[in-house]
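Structure at a glance
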Amino acid sequence: MPQDRQQKIITQELLRRRAEHNDGELSTLKEVTLHQFDIEKIENLDVYCRHLEILYLQNNQINKIENLHKLKELQYLNLALNNIKKIENLEKCESLRKLDLTVNFVSDPLDLESLKDNIMLRDLFLVGNPCTQVDGYREFAIVTLPQLKMLDGKEIEKSERIAAAQVYDTIRARLVKERNERTNTETREENLQTKTDPTTAAASPEDLEKLKHEFKTKPIPYTPETRRQTAKEIETMNGPPREDPSKSKPPKPADTTVSYGRDGRVLQKNEGKWEFHRWSNDLAVFLDIEISKFLDSSLIDVNVKPNYIQVVIKNKVLTVTFDDEVRPNQVLCERSKASGNLLVTMVKSSAPNDLDVEDVAKARRTKNVVTPASNAPTNTEKNRRKERLFGTIDAEMPKKIVDMKFVFDKSIPSASEEFTDDPDVPPLC
């Protein structure tokens, strides 16, 4: 059971916690699970998660299907075990293929007519709803929604469609008549049921024990009202929600320890499985890292050493080594707002001393500096996800908008300037 059981509404914070599999990014989220949170209303999904394809909302306290009209890519919607009485507001979910309303309170089969525009709908579950007990329900559903392939877990046969079409007019006329007769009766009953509402807040231990005994022994009808009342009684008996100890723990810091091989070289590391390209020319070494454009730049840290670079992205370390020594005090980091890529330009130690890193980066953008073909990254993979931002010599350099720069103290001497070769010291290998 989720630890946030006291949650009643769908908030941005809740969505981010449930989107851990997508690094907490909501704009690209395809699937989210929000079951058993006692949610009473569907909201904010059309604001933060417009690209959802799979949505789990089962076992909550939802009374109405609403605020889903902007989810054009939604394919599977699970609303089982809620308090829904009417099928509505799904007409604009153009991609909907599977709808699960198991064990709700849909009583009128005529509600199925609201799904006529969902031409992609193939699978519908209404098991446990009062409407499934109505005479002629299955025949009416089969003709009303000819796009269906499965109804309540059972495949619709061609012979069923023919037989249902023959009795459809009679069944629909009867359902319309029953709905008209039922409207006035239900209105009077609702007025009587809402006059009194027993309190669920127990003020003393004796009252609490009595409430627990009645909850375990007293039979009650299964209605949306009793489901809500039962949820309130359970919340009262459980007391105030306990603080989640895991929320107070600080995030685990990144392990920036550098490992060395037997030959004394720094070992590379890629904890985040980031895709990157590294290449160089006569003046500088370039490193291009593919990062989501939705990742905030404050979550990125760069540390450059003469023979390697260490990039920490959301506490995950990327260590990349160089064949040529670079100057740690002449480094420029640029972030593209279009793609999110991070491009690090590092001036080589062999470059002229008066060379500025920004001049190198500017020349790279305008192609005044030619990248040697032997060091240029190639595009030989058949199923590349996309061409790298700076991956080929012939590719047009996109216009970049820099939103992040790391400023390094140029007064710090590089390793090559302060290094003195001592002939008495034996080599590492």
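Rules used throughout
Residues numbered from 1 in each chain as written. Predicted model: local features only at pLDDT ≥ 70, side-chain atom pairs only at ≥ 80, totals over all residues. Heavy atoms only, no water. Helix = DSSP H or I, 4+ residues; strand = E, 2+ residues; numbered from the N terminus. Contact = heavy atoms within 4.5 Å. Areas by Shrake-Rupley, 256 points an atom, 1.4 Å probe, with all protein chains shown as cover. Pairing = 2+ DSSP bridges. Axes fitted to C-alpha atoms, helices over the stretch in contact; angles between N-to-C directions. Core = buried A, V, L, I, M, F, W, Y, C linked by side-chain atoms within 4.5 Å. Buried < 20%, exposed > 50% of the residue type's maximum accessible area, 1.4 Å probe, protein only. Salt bridge = Lys/Arg side-chain N within 4 Å of Asp/Glu carboxyl O. Lys, Arg positive; Asp, Glu negative; His and termini not counted. Arc of directions from axis to C-beta. Polar contact = N/O pair within 3.5 Å; in protein donor to acceptor, adjacent residues only side chain to side chain. pLDDT = per-residue confidence, 0-100. Phe/Tyr/Trp six-rings, centres within 6.5 Å; stacked < 30°, edge-to-face > 60°. Lys NZ or Arg CZ within 6 Å of the ring centre and 35° of its normal.

Notes on the overall build of the protein chain
In terms of helices and strands, the protein chain carries nine helices and 15 strands. Restricting the contact set of the protein chain to residue pairs at least 6 apart, pairs at least 24 apart contribute 55%. Total accessible area on the protein chain stands at roughly 25300 Å², and carbon and sulfur atoms take up 50% of it.

What about the sheet that holds strand E15 (residues 342-348)?
Backbone hydrogen bonds hold the strands of a sheet together, and the pairing may be parallel or antiparallel. Spatially, E9-E10-E15-E14 is the arrangement adopted by the four strands of the open sheet, whose pairing is antiparallel. The open sheet has two free edges, formed respectively by strand E9 (276-280) and strand E14 (326-335), since each of these has just one partner strand. Sheet twist, expressed as the average angle between the axes of neighbouring strands with direction ignored, equals 15°. Sheet strands in contact with helix H8 (residues 357-366) are E9, strand E10 (284-289), E14 and E15, and its direction is about 45° off that of E14.

Here's the deal with the environment of Glu-20
Along the chain, the position of Glu-20 falls in the loop between helix H1 (12-17) and strand E1 (31-33). For the pair Glu-20 and Val-32, spaced twelve residues apart in the sequence, the C-alpha separation amounts to 9.7 Å.

A look at the nonpolar core
Counting 50 residues, the largest nonpolar core has Leu-34, Leu-55, Leu-68 and Leu-112 as the members making the most contacts within it. Listed by contribution, the elements that provide at least two residues to this core are H1, helix H3 (137-144) and helix H4 (158-193). When residues no more than four places from it in sequence are discounted, the contact partners of Leu-112 are Ile-87, Leu-124, Leu-126, Tyr-137, Phe-140, Ala-141, Thr-144 and Leu-145. In this structure, Val-285, Leu-287, Leu-295 and Met-346 belong to the second largest nonpolar core, which totals 21 residues.

Observations concerning the pattern of salt bridges
Overall, the coordinates contain eleven salt bridges when judged by the stated rule. For Glu-94, the salt bridge identified is with Lys-72, shortest N-O distance 3.8 Å. Placement of Glu-94 in the loop between strand E3 (76-78) and strand E4 (98-100) and of Lys-72 in the loop between strand E2 (54-56) and E3 is noted, with a sequence separation of 22 residues between them. A residue is classified by how much of its surface remains accessible, and Lys-72, at 34% relative accessible area, is partly exposed. Residues Arg-138 and Glu-160 are paired through a salt bridge, measuring 2.8 Å at the closest nitrogen-oxygen approach. Residue Arg-138 is found in helix H3, and its partner Glu-160 is found in helix H4; the two are separated by 22 residues along the sequence. You can call Arg-138 buried: its relative accessible area is 17%.

What to know about H3
Taking burial as the measure, the eight residues of H3 include six buried ones, the bulk of the element. Those residues of H3 that fall on the buried side of the exposure criterion are Tyr-137, Arg-138, Phe-140, Ala-141, Ile-142 and Thr-144.

Focus: the side chain of Asp-123
By the secondary structure assignment, Asp-123 is in strand E5 (residues 123-125). As a buried residue without a salt bridge, Asp-123 has its nearest oppositely charged side chain in Lys-98, at a separation of 4.4 Å. Not counting chain neighbours up to four residues away, the residues in contact with Asp-123 comprise Arg-97, Lys-98, Leu-99, Leu-148 and Met-150.

Notes on the environment of Arg-174
Relative to the elements of secondary structure, Arg-174 occurs in helix H4. You can call Arg-174 partly exposed: its relative accessible area is 28%. Not counting residues within four places of it along the chain, the set of residues in contact with Arg-174 comprises Val-134, Asp-135 and Gly-136.

A look at the sheet that holds E4
Pairing is mixed in the open sheet, where seven strands are placed in the order E1-E2-E3-E4-E5-E6-E7. Whereas interior strands pair on both sides, the edge strands pair on one side only; in this sheet they are E1 and strand E7 (154-155). Direction of pairing for E1 relative to E2: parallel, over a ladder of three bridges. When the sheet's bridge partners are listed, Glu-31 is paired in E2 with Ile-54.

Observations concerning H8
Residues of H8 that are buried: Val-357, Val-360, Ala-361, Ala-363 and Arg-364. Looking down the long axis of H8, one finds its buried residues gathered within 165° of arc, a one-sided arrangement. Elements in contact with the buried residues of H8: E9, E10, E14 and E15. You can read the cap of H8 off the contacts: a side-chain oxygen lies 2.9 Å from the backbone nitrogen of Glu-358, and it is on Asp-356.

Overview of unusual backbone geometry
The residue Asn-89 is not glycine, and still its phi comes out positive at about 60°. Among the structural elements, Asn-89 can be located in the loop between E3 and E4. What makes Asn-89 partly exposed here is its relative accessible area of 32%. Although it is not a glycine, Asp-152 adopts a positive phi angle of roughly 55°. Mapping Asp-152 onto the fold places it in the loop between strand E6 (150-151) and E7.

Concerning the confidence of the model for the protein chain
In the predicted model, the protein chain carries a mean pLDDT of 79, and the fraction of residues at 70 or more is 74%. In this model, residues 369-416 is a region of pLDDT below 50 whose contacts with residues beyond four sequence positions or in other chains number 91 contacts.

Overview of the packing of aromatic side chains
Applying the stated criterion to the full structure yields three aromatic pairs. For the pair Phe-140 and Tyr-168, a centre-to-centre distance of 5.7 Å together with 10° between the ring planes defines the contact as stacked. In this pair, Phe-140 sits in helix H3 while Tyr-168 sits in helix H4, placing the two residues 28 residues apart along the sequence. Pair check on accessibility: Phe-140 and Tyr-168 agree, each one buried. Above the plane of the ring of Tyr-76 lies Lys-98, whose end atom (NZ or CZ) is 4.9 Å from the centre.

A look at the side chain of Asp-111
Considering the arrangement of structural elements, one finds Asp-111 in the loop between E4 and E5. Of the polar contacts made by the side chain of Asp-111, one reaches the side chain of Arg-179; its length is 3.5 Å. Those residues in contact with Asp-111 that sit more than four places away from it in its chain are Lys-85, Lys-86, Ile-87, Val-106 and Arg-179.

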